[in-house]
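The residues making up each chain are set out below.
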Amino acid sequence: MITSHQYLDKYPISKDSKKLIVGTIHPHDHENFEIPFFYGNRSSIWKILSEAFPEDIKQPITRPGVLAFLIKHKISVSDTIRKCRRINPTASDKDLEPIELNKEIIDHIKESEISEILFTSGFQKNNAFKLFYVDILGKVITPDIKTNREITLENNIFGRPVRLKVLYSPSGSSNVGLSRSKPYLENQSKYAGLNRPVYRFKVDYYKQM
């Protein structure tokens, strides 16, 4: 099963964007997405952000509403893979074999005003940060990067410092791991008694990021 990216060329990185959200590649069956856009299969990240910014992303969530939010906040969205082979018919990164990486992303970032890149997956084989940092930039992930979940690149790559941050995944399946994370445990008392406390923490976390 070969998946070709449907949105990279249709929604390029905006030249006036300040932040960039980066993932891997959308699931194969894009024709059935709730929203024909990045993260549109279950709209997980947009549902989180609609609760973090209800005045901007109103219900029901639509592509025009998401695009208006991104333009207002000077955010672009991109992915690290242009084409992949799926070993198994799932949306999981572990079931991917990248065929073509989105190496053009480097020039597009250079041509923008982006100072911060937020990755929706981290350090495993086909995760977004790993593909960007190791396979596209040719760098090595250090223990400090894994611990801090971020690093600031110096001027020599993009002509200005750019901070890279690994987000906790927007997917619901990540909530178990998030419930054991240091940031959540340090703030656990704030969410005690709330319905879906880990999810409420995630909404606040994404708003802050």
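Presented here is a report on the structure given in the accompanying data block. Just so it is clear, the structure is predicted and the values come from calculations on it, not from any experiment.

## A closer look at the pairing of strand β3 (residues 75–79)
Then step 1. Within β3, five of the five residues are buried, leaving the element largely enclosed by the surrounding structure.
Then step 2. Covered by surrounding structure in β3 are Ile75, Val77 and Asp79 together with Ser76 and Ser78, the residues of both alternating faces.
Then step 3. Pairing of strand β2 (residues 19–23) with β3, which is carried by five bridges, proceeds in the parallel orientation. Note on β3: the bridge partner recorded for Leu20 is Ser76.

## Here's the deal with unusual backbone geometry
Then step 1. With omega at -5°, the peptide bond leading from Gln59 into Pro60 counts as cis.
Then step 2. Tracing the backbone shows Pro60 in the loop between α1 (44–52) and α2 (63–72).
Then step 3. Even without glycine at this site, Tyr39 takes up a positive phi of about 60°.

## A closer look at the nonpolar core
Then step 1. Counting residues in hydrophobic clusters, the biggest one holds 35 residues, and the most contacted among them are Phe37, Phe38, Trp46, Leu49 and Leu70.
Then step 2. Of all the secondary-structure elements, those providing two or more residues to this core are α1, α2, β3, α8 (182–191) and α9 (197–208).
Then step 3. Broken down by element, this core gets its largest block of residues, six residues, from α9.
Then step 4. Leu49 has contacts with Ile57, Phe69 and Tyr206, leaving out every residue within four places of it along the chain.
Then step 5. One finds Val22, Ile105, Phe158 and Val162 within the second-largest nonpolar core, a separate group that totals 30 residues.

Cut-offs and rules
- Residues numbered from 1 in each chain as written.
- Predicted model: local features only at pLDDT ≥ 70, side-chain atom pairs only at ≥ 80, totals over all residues.
- Heavy atoms only, no water.
- Buried < 20%, exposed > 50% of the residue type's maximum accessible area, 1.4 Å probe, protein only.
- Helix = DSSP H or I, 4+ residues; strand = E, 2+ residues; numbered from the N terminus.
- Pairing = 2+ DSSP bridges.
- Core = buried A, V, L, I, M, F, W, Y, C linked by side-chain atoms within 4.5 Å.
- Contact = heavy atoms within 4.5 Å.

Any functional reading would require information beyond the geometric quantities listed.
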